[in-house]
Amino acid sequence: MPELPEVQTTCNGIAPIITGKTVTDVVVRKRQLRWPVTAGIKNKLIGHQVIKVWRRGKYILLQFDKGSLIVHLGMSGHLAVVDQKQEVKKHDHVDIFFGPTTVLRYHDPRRFGAVLWTAANPLEHALLHNIGPEPLGPEFTADYLFTVTRKRKRIIRDVLLDGKIVAGIGNIYANEALFRAGIDPRRAAGRISRVRMQKLVTALVEVLSAGIRAGGTTLRDFRGGDGRPGYFQQSLSVYGRSGEPCPVCQQIIDSEIRGGRSLFYCRRCQI
DNA sequence: CAGCGCCCCTGCCCGC
DNA sequence: TGCGGGCAGGGGCGCT
């Protein structure tokens, strides 16, 4: 499910329901995710109260009165509050009960995600302590991106996907932002000017903000309840649109696979 | 250290 | 209709 806007939307959805509530039970149906669900998590959680729900990059953080739960959705994870009467579906791996009916349910077909407990500051956890600045935060500026990419030969798309440089950018939003900024995703990061880096930072902020405003419905498998075509269809300019005309100049959108992930771009608009 | 593949896993879509 | 191949939103890890 992820991409930062979907993770933020997940936090926004569950925070008002579970903040201040106390865990009454935990059911783990399958421990084997990317890493095994922390052993003894049931006893660590029961009786403890949620203080706040937040995120760092794509890691969802449930802060309890003692310790934090770190949840990552991988490629296919969902995390939502459901009613206990809701039937348990295939790939519903973890349930966290807040009373008899309210359940925070983790669902993840591909199991690339994670559910981990830490008693310490989650930002100091091995998975988080080296993450780059938040793309919607004050540290993520054109100067920063320009400086850290000097002499870098990697293509700019791969730099945007590198969580050590900037947190939470996924392949959809990387491609979309590069289109908006008019930058060829295959360009060596170290060969992009400061002015163009400013365009890229601005484009990233716009694209991520639009995704959050849309409620994170920019994913192919999002199911809206109203039967309308998914926001996914209308919202993306180049991602998943190879062979279609560029919305700006009508040039046919190109795609190719680099580093195991698809690039989508307009060879006329992006240089 | 920078950079690049590999891989974890299931589901879905496409072509034959 | 069945089957095989390719691809999917992530990102840690090991190797060069």
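Colleague: Looking at this model, I keep getting lost on the overall build of chain A. Mind explaining?
Modeller: Assigned secondary structure in chain A consists of seven helices and 10 strands. A compact globule built from 271 residues would reach a C-alpha radius of gyration of about 18 Å, and chain A, at 20 Å, matches this within 12%. Over its C-alpha atoms, taken along the principal directions, chain A stretches across nearly 60 × 40 × 30 Å. Here chain A holds 271 residues, and 49% of them are scored as buried.

Colleague: Explanation requested: the sheet that holds strand β8 (residues 114-118) in the structure shown.
Modeller: As a general point, the strands of a sheet are linked pairwise by backbone hydrogen bonds and lie either parallel or antiparallel. Taken in spatial order, the four strands make up an open sheet running β2-β3-β4-β8, and their pairing is antiparallel. Of all the strands in the sheet, just β2 (50-56) and β8 have a single pairing partner and so form its edges. Direction aside, the axes of adjacent strands within the sheet are offset by 20° on average. Both β2 and strand β3 (residues 59-64) contribute to a ladder of six bridges, which runs antiparallel. Its bridge partner lying in β3, V53 is registered against L62.

Colleague: Sorry, what's going on with the protein's contact with DNA strand B here?
Modeller: In the neighbourhood of DNA strand B, the contacting residues comprise K90, H91, P109, R110, R111, F112, R152, K153 and R154. In DNA strand B, atoms within 4 Å of the protein come 59% from sugar and phosphate. Split into classes, the residues belonging to the surface near DNA strand B amount to two nonpolar, one polar and six charged.

Colleague: How do you make sense of the layout of surface pockets when you look at a structure like this?
Modeller: Where empty space is left becomes clear once a probe the size of a water molecule has been rolled over the atoms. Taken as a whole, the largest pocket holds about 1400 Å³ of empty space. Looking at the largest pocket, it is lined by 41 residues, and the ones nearest its centre are P2, K58, G74, M75 and R261. Of all elements in the fold, only α4 (156-161), α5 (171-181) and β10 (261-265) reach the threshold of two or more residues within the lining of the largest pocket. Class assignment of the residues belonging to the lining of the largest pocket gives a composition of 20 nonpolar, 12 polar and nine charged.

Colleague: Where do I start with the sheet that holds strand β7 (residues 102-107) in this structure?
Modeller: Spatial ordering of the open sheet is given by β1-β6-β7-β5, a layout of four strands whose pairing is antiparallel. Lying at the two open borders of the sheet, with one neighbouring strand each, are β1 (25-28) and β5 (78-83). Going from strand to strand, the sheet's axes swing by 20° on average, the running direction of each strand aside. The pairing of β5 with β7 spans six bridges and is antiparallel. Along β7, the bridge assignment pairs L79 with Y106. Each of β5, β6 (92-98) and β7 touches helix α1 (residues 4-18); the most contacted strand, β5, lies at about 35° to it.

Colleague: Help me understand empty space enclosed by the protein in this model?
Modeller: Enumeration according to the criterion identifies one cavity of 30 Å³ or more in this entry. Roughly 50 Å³ of internal volume is contained in the largest cavity. In this structure, the largest cavity is lined by L62, L69, V71, L79, V94, I96, L104, Y106 and V115. When grouped by side-chain class, the residues that make up the lining of the largest cavity number nine nonpolar, no polar and no charged.

Colleague: So what exactly am I meant to see when it comes to the domain arrangement of chain A here?
Modeller: Many authors give the size of an interface as the accessible area that is lost as the parts come together. The domain architecture assigned to chain A consists of domain 1 (4-124) and domain 2 (142-265). Centre-to-centre, using C-alpha coordinates, domain 1 lies 29 Å away from domain 2. The interface of domain 1 with domain 2 comprises eight residues on the first partner and 13 residues on the second. Approximately 840 Å² of surface area, both sides summed, lies buried where domain 1 meets domain 2, with 66% of it carried by carbon and sulfur atoms. Broken down residue by residue, the surface that domain 1 buries against domain 2 is led by L4, P5 and E6, which jointly contribute 54%. At the junction of domain 1 and domain 2, the tally comes to zero salt bridges.

Rules behind the numbers
Residues numbered from 1 in each chain as written. Chains lettered and ligands numbered in written order. Predicted model: local features only at pLDDT ≥ 70, side-chain atom pairs only at ≥ 80, totals over all residues. Heavy atoms only, no water. Helix = DSSP H or I, 4+ residues; strand = E, 2+ residues; numbered from the N terminus. Rg over C-alpha atoms; globule rule 2.2 N^0.38 Å. Buried < 20%, exposed > 50% of the residue type's maximum accessible area, 1.4 Å probe, protein only. Pairing = 2+ DSSP bridges. Axes fitted to C-alpha atoms, helices over the stretch in contact; angles between N-to-C directions. Near = heavy atom within 4 Å. Nonpolar A, V, L, I, M, F, W, Y, C, P; charged D, E, K, R; others polar. 1 Å grid on protein atoms, 1.4 Å probe; cavity = no way out; pocket = protein on both sides within 12 Å on 5 of 7 lines; lining within 4 Å. Points joined across faces, edges and corners; volume = space filled by probe spheres on them. Contact = heavy atoms within 4.5 Å. Domains from an automatic or database assignment. Buried area = accessible area lost by both parts, 1.4 Å probe. Salt bridge = Lys/Arg side-chain N within 4 Å of Asp/Glu carboxyl O.

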